[in-house]
Structures are given as structure tokens and as C-alpha cells.
Amino acid sequence: MAYEYDNENIFARILRGEIPNDTVMESEYCLAFRDIQPQAPEHILVIPKGAYVNFDHFGAEASDAELVDFSRMVAKIAQAIGAAPGAGGQGYRLIANTGTHGVQDVPHFHMHLLGGRQLGRMLQT
Ligand code: AMP
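All values reported here derive from a predicted model rather than from experimental measurement. (Residues numbered from 1 in each chain as written. Predicted model: local features only at pLDDT ≥ 70, side-chain atom pairs only at ≥ 80, totals over all residues. Heavy atoms only, no water.)

Colleague: How would you sum up the pairing of strand β3 (residues 42–48)? Please name residues and give values.
Modeller: With seven of seven residues buried, β3 lies mostly within the body of the structure. Side chains E42, I44, V46 and P48 project from β3 onto one buried face, and the interleaved H43, L45 and I47 project onto a second face that is buried too. Where strand β2 (residues 30–34) meets β3, five bridges bridge the pair, whose relative direction is antiparallel. By the bridge assignment for β3, L31 is matched with I47. (Buried < 20%, exposed > 50% of the residue type's maximum accessible area, 1.4 Å probe, protein only. Helix = DSSP H or I, 4+ residues; strand = E, 2+ residues; numbered from the N terminus. Pairing = 2+ DSSP bridges.)

Quick look at the structure:
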């Protein structure tokens, strides 16, 4: 399976420090920052530092350490913003838009974490 990664995509530029970002959390393998056009009071993007185009690329080729680090960071952020139901929070939603049908704009794998209000039901169209 071949995945072509565009080194000039905006998240690659953020990772290289060429574009500023509002960092929420950083680890060895991941960065989380606030979405520039938030769709909810909490709208955070979690990305791996590695060059992965989308979730199937990440899931297939990332190391175990990268995969674990990513999941742990999502969980830590949900807790840090007070949204994790296991810690008394009201919940949140994770979205990974992928490819054309998934309407993915930025070709570097990212997970949207949305919360802070009651969200609508999934898939309007
Ligand atoms: P997607 O459609 O899933 O690829 O979403 C890309 C997301 O990246 C959108 O929600 C944008 O608002 C967000 N975005 C684009 N540029 C930036 C940036 N420079 N900093 C933070 N978020 C961004």
C-alpha cells in the first residue's frame, strides 16, 4: 500500500514550527492544538508527529509506541478539559475525516476532539 505524504501540508508546517499553533499538549510522538475555526467550545486537533496521511496509514504503519502515545494523549486531553465521562465529564466526540468521502481537508492524520456543549446527532448529510 502506498501513501503519498505532502510535506508542505499545513500541519507539517506547524510541526516544523513554520506556523504558530495554540498547543494544548505535546508528547514525544504527538502534538495537540486548538482548531483555528472551532466548531464547539472545545475543539482540539491531535496529530502524530510522524508523516501519516490518514488514519488507515497511521494504523497500518505507525509503531506500537506511536499508536499508544496517540491514544493516551486523546484520553489525557478529554480528562484535562473535564469532558471524560469516567471523570465526571459530560462527554465529547472524536472525528477523523478521511479521504474524499470523509471530506478531509488537511492530508496529515488528525483527530478532532469536540466538546464543551451538547453536540448534534452525527451525519447531517
Ligand atoms: P479536516 O477537514 O478534518 O481535514 O479538518 C482540518 C481542520 O484543520 C479544520 O477544522 C481547520 O479549521 C483546521 N485548521 C486548518 N488550519 C489550521 C491551523 N493553522 N491551526 C489550527 N487548525 C487549523
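Colleague: Break down the side chain of D69 for me, with residues and values.
Modeller: Tracing the chain through its elements places D69 in helix α3 (residues 64–80). Within the buried set, D69 has no salt-bridge partner at all; the shortest N-O distance to an opposite charge, 6.0 Å, is to K76. Setting aside residues up to four positions removed in sequence, D69 forms contacts with S27, E28, Y29 and C30. (Lys, Arg positive; Asp, Glu negative; His and termini not counted. Salt bridge = Lys/Arg side-chain N within 4 Å of Asp/Glu carboxyl O. Contact = heavy atoms within 4.5 Å.)

Colleague: Tell me about the sheet that holds strand β5 (residues 111–115), and please be specific about residues and values.
Modeller: If you trace the five strands from one edge of the open sheet to the other, you get β1-β2-β3-β5-β4, paired in antiparallel fashion. Each edge of the open sheet is held by one strand with a lone partner, namely β1 (23–26) and β4 (92–95). Put simply, the sheet's adjacent strands are angled 20° from each other on average, direction ignored. Relative to β5, β4 is paired through four bridges, and the arrangement is antiparallel. Across the sheet, residue I95 finds its bridge partner in β5, namely H112. Each of β1, β2, β3, β4 and β5 is contacted by α3, which is oriented at about 165° to β3, the strand it contacts most. (Axes fitted to C-alpha atoms, helices over the stretch in contact; angles between N-to-C directions.)

Colleague: How would you explain the packing of aromatic side chains if you had to name every residue and give the values?
Modeller: Across all of its chains, the model carries six aromatic pairs by this definition. Site record: aromatic cluster; members linked through ring pairs are Y52, F55, F58, F70 and F109. (Phe/Tyr/Trp six-rings, centres within 6.5 Å; stacked < 30°, edge-to-face > 60°.)

Colleague: Any details on the nonpolar core? Residues and values, ideally.
Modeller: Counting 16 residues, the largest nonpolar core has V46, F70 and I77 as the members making the most contacts within it. Residue assignment for this core shows that the elements contributing at least two residues are β2, β3, α3 and β5. Per element, the largest residue contribution to this core is five residues, and it comes from α3. If we skip the residues at most four places from it in the chain, I77 touches M25, A32, I44, V46 and L113. Among the nonpolar cores identified, the runner-up in size contains seven residues, and F11, I14, L31 and I47 belong to it. (Core = buried A, V, L, I, M, F, W, Y, C linked by side-chain atoms within 4.5 Å.)

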